[in-house]
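Residues per chain, in single letters:
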Amino acid sequence: MRSSLPAFKFRAGLILATVAVSALTLSACNGGANRPRLAYEERPVEALYNTGYQRLQSKRWADAIDYFQEVERQHPYSEWSRRAILMQIYAYYQNNNYAEAIAASDRFIQLFPGNPSAPYAFYMKALCNFEQITDVGRDQGYAQAALNGLRDVQRRYPGTSYALDATVKIDMVNDQLAGKEMAIGRYYQRAGQPLAAINRYKAVIDNEAYQRTSHTPEALYRLVEVNLSLGLTEEATRNGAVLGFNYPGSPWYAEAYALLSEDGRQPDVAPTGQRESWLRRIIPG
């Protein structure tokens, strides 16, 4: 789920420029999965670090990680080690090794909590969870972990570029989680469990974070639909009124208006949008 990846890569480049000692360029292809591990050999820390940076510049992520790990192993708790952990976070992320990137972020935060690069570590941890978010038909554990991490970045580092990007991604995650509630609600509605469906749809419209998502108009429409099926016309009318007041141009209100009118409960506010085809009215899935 790399929606704003270009912007992120720009910031990551700034981090690399800050922590790099040398920016040598070396053309090489990425190492294979069966490459040998880096043999232990005491070498000047500058040589280890610069070789790792060369591999990073060449996008040989796994090789770069080996050298940065060696820096950390041979020179623990040093300034070189601090920089090497940051490089490992970036290389793991670029290599789609999200679990390892999160572990390296946690290690940096534990060792250097007050360092100026700590916001980067917190952000990367949240980003790695964000990019593992799956479709709404699956478990949303990564979405919840991403939401918690992004809120932490927003709270700890207000006004930073990390907090600004976190704010955008928080809205995206909330839309994902609201979508999950809608998917479950539709499932219950199809299965003939209207009360369970109502609870899920209400979870969308009662949650302030979800109210700003794209799912709110449909949630209100589904409440009109389900309540009418149960004979709860007053509740259906109330939800239709809320939908019409907030989303008069939404196709979902046009659908709700038609349903209520057919039931003899025509709302006072006429829709400004158009109804869509009958396919729009069915419960997907």
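Right above here is the structure, for reference.
In this text, all values refer to a predicted model and were calculated from it rather than measured experimentally.

For Tyr 157, the position within the fold is in the loop between helix H7 (141-156) and helix H8 (161-190). With near-sequence residues (within four places) excluded, Tyr 157 lies in contact with Ala 118, Pro 119, Phe 122 and Ala 163.

Another aspect to go through is the environment of Arg 200. Tracing the sequence through the fold places Arg 200 in helix H9 (residues 194-206). For Arg 200, a relative accessible area of 27% translates into the label partly exposed. The sequence separation of Arg 200 and Ile 184 amounts to 16 residues, and the corresponding C-alpha distance is 6.9 Å. The residues touching Arg 200, leaving out its near neighbours within four places in the chain, are Glu 181, Ile 184, Gly 185 and Tyr 188. Of the polar contacts made by the side chain of Arg 200, one reaches the side chain of Glu 181; its length is 3.0 Å.

You can see Arg 82 is positioned in helix H4 (residues 79-94). Arg 82 sits in the buried class, given a relative accessible area of 10%. The contacts of Arg 82, once residues within four sequence positions are left out, are Phe 108, Phe 112, Asn 115 and Ser 117.

What follows is about unusual backbone geometry. In this structure, Tyr 77 is a non-glycine residue whose phi angle is positive, near 65°. By secondary structure assignment, the location of Tyr 77 is in the loop between helix H3 (61-74) and H4. Exposure remark for Tyr 77: the relative accessible area of 67% places this residue in the exposed category. Even without being a glycine, Asn 96 presents a positive backbone phi close to 60°. One can find Asn 96 in the loop between H4 and helix H5 (98-111).

In this section: the packing of helix H2 (residues 45-57) against H4. Relative to each other, H2 and H4 sit at 15°, their axes nearing to 11 Å. Regarding the angle of H2 to H4, the classification is roughly parallel. Crossing hand, H2 versus H4: left-handed. Only Trp 80, Arg 83, Ala 84, Met 87, Tyr 90 and Ala 91 of H4 make contact with H2, whose side of the interface consists of Val 45, Glu 46, Tyr 49, Tyr 53 and Leu 56. Split into classes, the residues belonging to the contact of H2 with H4 amount to nine nonpolar, no polar and two charged.

This part takes up the packing of aromatic side chains. Two measures describe an aromatic ring pair: the distance that separates the ring centres and the angle between the ring planes. With the rule as written, the count across this model stands at ten aromatic pairs. Measuring from centroid to centroid gives 6.1 Å for Trp 61 and Tyr 90, while their planes differ by 80°, and the two rings are edge-to-face. Linking Trp 61 in helix H3 with Tyr 90 in helix H4, this pair joins segments that are 29 residues apart in sequence. You can call Trp 61 buried: its relative accessible area is 11%. Residue Tyr 90 is classed as buried on the basis of its relative accessible area of 10%. An aromatic cluster is present here, built from Tyr 49, Phe 68 and Trp 80 joined pairwise through their rings. One residue, Lys 169, lies across the ring of Phe 130, its end atom 5.3 Å from the ring centre.

Conventions used here
Residues numbered from 1 in each chain as written. Predicted model: local features only at pLDDT ≥ 70, side-chain atom pairs only at ≥ 80, totals over all residues. Heavy atoms only, no water. Helix = DSSP H or I, 4+ residues; strand = E, 2+ residues; numbered from the N terminus. Contact = heavy atoms within 4.5 Å. Buried < 20%, exposed > 50% of the residue type's maximum accessible area, 1.4 Å probe, protein only. Polar contact = N/O pair within 3.5 Å; in protein donor to acceptor, adjacent residues only side chain to side chain. Axes fitted to C-alpha atoms, helices over the stretch in contact; angles between N-to-C directions. Parallel < 35°, antiparallel > 145°, perpendicular 65-115°, else oblique. Left-handed = near helix turned anticlockwise from the far one by under 90°. Nonpolar A, V, L, I, M, F, W, Y, C, P; charged D, E, K, R; others polar. Phe/Tyr/Trp six-rings, centres within 6.5 Å; stacked < 30°, edge-to-face > 60°. Lys NZ or Arg CZ within 6 Å of the ring centre and 35° of its normal.

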